[in-house]
Amino acid sequence: GSLEPLTGRSDLRFDGTTGDLGTGIAQADALLRGTGTVALRVIRDESGTRLDPFDVATQAARLQGTATLATGATVADVTALVKNTALVLPGLSGPTDLTISARQRGTGWQIAAAGSAPGASQVSVEGTVDGDGRNSLVADGRLSARIGALSAFSRLAGRPLSGTADLTASGQ
């Protein structure tokens, strides 16, 4: 990459591998186990700092996205995938994914997220969060969730489950 110390501009690329990373948290360690890859490009100029792209992948999971860090105008788009949810929640077999989009407007954030999980489960969230996070924090939005097959959660619940579940919530 390139680095211009006098102007503060940079364009750097990092590529690497990981091997059996550990955190001491069993669920995280299950996703970090084995060989992984890390790719990150960091660009800094007058418009801010950009991570474009970042990509962290192991045999069990992947986190990728882009972000632009700028005062009052930060933007981030992130996708996460756990290839087999049973690694972190035994008894819940199949992939789980989540996509998050966050846009800062001054002190407020517009956030949208959508994901899916085993049991024909779907979730989505759309809304805004505003305030300084210390003295004031206001969230306003809508949550929708659906579990198409509660039976997939039987082992996790420790009892037989059946049917479906739908949830919609909105407010402040």
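None of these values were measured; they are calculated from a predicted model. (Residues numbered from 1 in each chain as written. Predicted model: local features only at pLDDT ≥ 70, side-chain atom pairs only at ≥ 80, totals over all residues. Heavy atoms only, no water.)

Our next topic: the overall build of the protein. Looking only at helices and strands, one finds 2 helices and 11 strands in the protein. Since a compact globule built from 172 residues should have a radius of gyration of about 16 Å, the 20 Å found for the protein marks it as more spread out than a globular shape. Considering only C-alpha atoms, the protein reaches an extent of 65 × 45 × 25 Å along its principal axes. Burial analysis of the protein (172 residues in total) assigns 24% to the buried set. The long-range fraction of contacts in the protein, counting pairs at least 24 apart against all pairs at least 6 apart in sequence, stands at 32%. Entry remark: accessible area of the protein is about 10600 Å², with carbon and sulfur atoms responsible for 57%. Between the centroid of the 15 positive side chains of the protein and the centroid of its 16 negative side chains there is a distance of 5 Å. (Helix = DSSP H or I, 4+ residues; strand = E, 2+ residues; numbered from the N terminus. Rg over C-alpha atoms; globule rule 2.2 N^0.38 Å. Buried < 20%, exposed > 50% of the residue type's maximum accessible area, 1.4 Å probe, protein only. Contact = heavy atoms within 4.5 Å. Areas by Shrake-Rupley, 256 points an atom, 1.4 Å probe, with all protein chains shown as cover. Lys, Arg positive; Asp, Glu negative; His and termini not counted. Charge placed at Lys NZ, Arg CZ, Asp CG, Glu CD.)

Its place among the elements puts Thr18 in strand β2 (residues 9–19). Thr18 sits in the buried class, given a relative accessible area of 16%.

Quick look at the sheet that holds strand β4 (residues 48–57) now. The strand order β1-β2-β3-β4-β5-β6-β7-β8-β9-β10-β11 describes an open sheet built from 11 strands, whose pairing is antiparallel. The sheet is open, and its two borders are formed by β1 (2–4) and β11 (165–171), each paired with just one other strand. Each adjacent strand pair in this sheet contributes to an overall mean axis angle of 10°, direction not counted. Judged from the 7 bridges that link them, strand β10 (residues 138–147) and β11 form a sheet pairing that is antiparallel. Bridging from a neighbouring strand, Gly141 pairs with Gly171 of β11. (Pairing = 2+ DSSP bridges. Axes fitted to C-alpha atoms, helices over the stretch in contact; angles between N-to-C directions.)

The predicted model of the protein has a mean per-residue pLDDT of 93, with 100% of residues at 70 or higher. The least confident element of the protein, judged by mean pLDDT, is β1 at 83; the most confident is strand β6 (residues 75–82) at 98. (pLDDT = per-residue confidence, 0-100.)

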